[in-house]
Amino acid sequence: MSTQPAAHYDRVHEAWTLIMGEEFHYGYFADPATPLDEATAALTSEMLELAGIGEGDRVLDIGCGTGRQSCDLAEQLGARVLGITTSASGVAAASALARSRGVEARFEQRDGTANGLPDGAFDVVWALESSHLMRDRAGLLSESARVLAPEGRLVLCDIIRKREIPFLEVRDRRDDFAVLRAAFGDAHMEPLSVYASLLEELGMTVVEATDISVPTLPTFAAWRANVTAHSATLLGLLGEQGVADFVRSTHVLEEFWSDGTLGYGILAAVKSPL
Ligand SMILES: C[S@@+](CC[C@H](N)C(=O)[O-])C[C@H]1O[C@@H](n2cnc3c(N)ncnc32)[C@H](O)[C@@H]1O
């Protein structure tokens, strides 16, 4: 099985829609009993609050998933949105969603770490839970800073690493790491402080960097409930091993969240004026 993000996402797209809903990201749970779709919408709202997107703003959605947020930003806020992803089936699904909703968001297959877009072309760069799939974090952030106009804003949230994981521990827990890779592809987590220092080095001002591990923790139980609810279809899509790996990965992540190894962070930064 390939662990390249694009191949991984092409393969799991349909299954994840059943497990995670229309938005492929964690939930922000005010209460553990909050329904998953409300919690994923609440995480998007946290991002929206930091992004301050206004009518006509040019938004680059890096790692646009199903295109749901790009469409919402275009439809509800009047933003001019370009969603990019390395996944060909993601681009097709997102474009189909925009067409079916009559929304003008555009989608292109591009890599967030080398996006090929013009300098200063966007007011907001939006990266919702995609950065952990881009090993070249410096590339992602420098490309984001480059395409932002002066005073443009970057908003990003993602899984974060909260402590060093010594080599011996990686070796001892290699089965756990292998199951995470099988379920989620080739992810690479960094601390919030690494994002913040890379952005400061790029001359951006970090205005928010917050650990939101606690309100995101109930996500794993919600995903497991959806696996149970859709077990027959998921067995067809992922196979027995794939479903077992996914469920086990949620337990591994829950443990990492609880012992302070991994968690979730949200961050915003502003590009300086000319
Ligand atoms: C966890 S999904 C998040 C999707 C969406 N932002 C959401 O929250 O619903 C990660 C997305 O990042 C995309 N992705 C992975 N690597 C990428 C890269 N190098 N450049 C652009 N997109 C990438 C995947 O194809 C997928 O669409």
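Residues numbered from 1 in each chain as written. Predicted model: local features only at pLDDT ≥ 70, side-chain atom pairs only at ≥ 80, totals over all residues. Heavy atoms only, no water.

**Q** Explain the site of the ligand here, please?
**A** If you check the shell around the ligand, you find 20 residues, and the closest are Phe24, His25, Gly63, Thr85 and Gly112. The contact in question runs from an oxygen atom of the ligand to an N or O atom on the backbone of Phe24, over 2.8 Å. Note that a nitrogen atom of the ligand is positioned 2.9 Å from one of the backbone N or O atoms of Leu128. Taken by itself the ligand offers 600 Å² of open surface, and the protein chains cover 97% of this. Classifying every residue of the shell around the ligand gives seven nonpolar, nine polar and four charged. (Near = heavy atom within 4 Å. Polar contact = N/O pair within 3.5 Å; in protein donor to acceptor, adjacent residues only side chain to side chain. Areas by Shrake-Rupley, 256 points an atom, 1.4 Å probe, with all protein chains shown as cover. Nonpolar A, V, L, I, M, F, W, Y, C, P; charged D, E, K, R; others polar.)

**Q** For this particular structure, what's the right way to read the sheet that holds strand E2 (residues 80–85)?
**A** Picture the strands of a sheet paired through backbone hydrogen bonds; they go either parallel or antiparallel. Pairing in this open sheet of seven strands is mixed, and the strands run E3-E2-E1-E4-E5-E7-E6 from one edge to the other. At either end of the open sheet lies a strand with only one pairing partner, and these are strand E3 (106–109) and strand E6 (205–211). Across the sheet, the mean angle separating the axes of adjacent strands is 15° when strand polarity is ignored. The pairing of strand E5 (residues 148–161) with strand E7 (residues 262–270) spans nine bridges and is classified as antiparallel. From the neighbouring strand, Asp158 faces E7, where its bridge partner is Gly265. Helix-sheet contacts for helix H2 (residues 36–51) involve strand E4 (122–128), E5, E6 and E7, and the interaxial angle to E4 is about 155°. (Pairing = 2+ DSSP bridges. Helix = DSSP H or I, 4+ residues; strand = E, 2+ residues; numbered from the N terminus. Axes fitted to C-alpha atoms, helices over the stretch in contact; angles between N-to-C directions. Contact = heavy atoms within 4.5 Å.)

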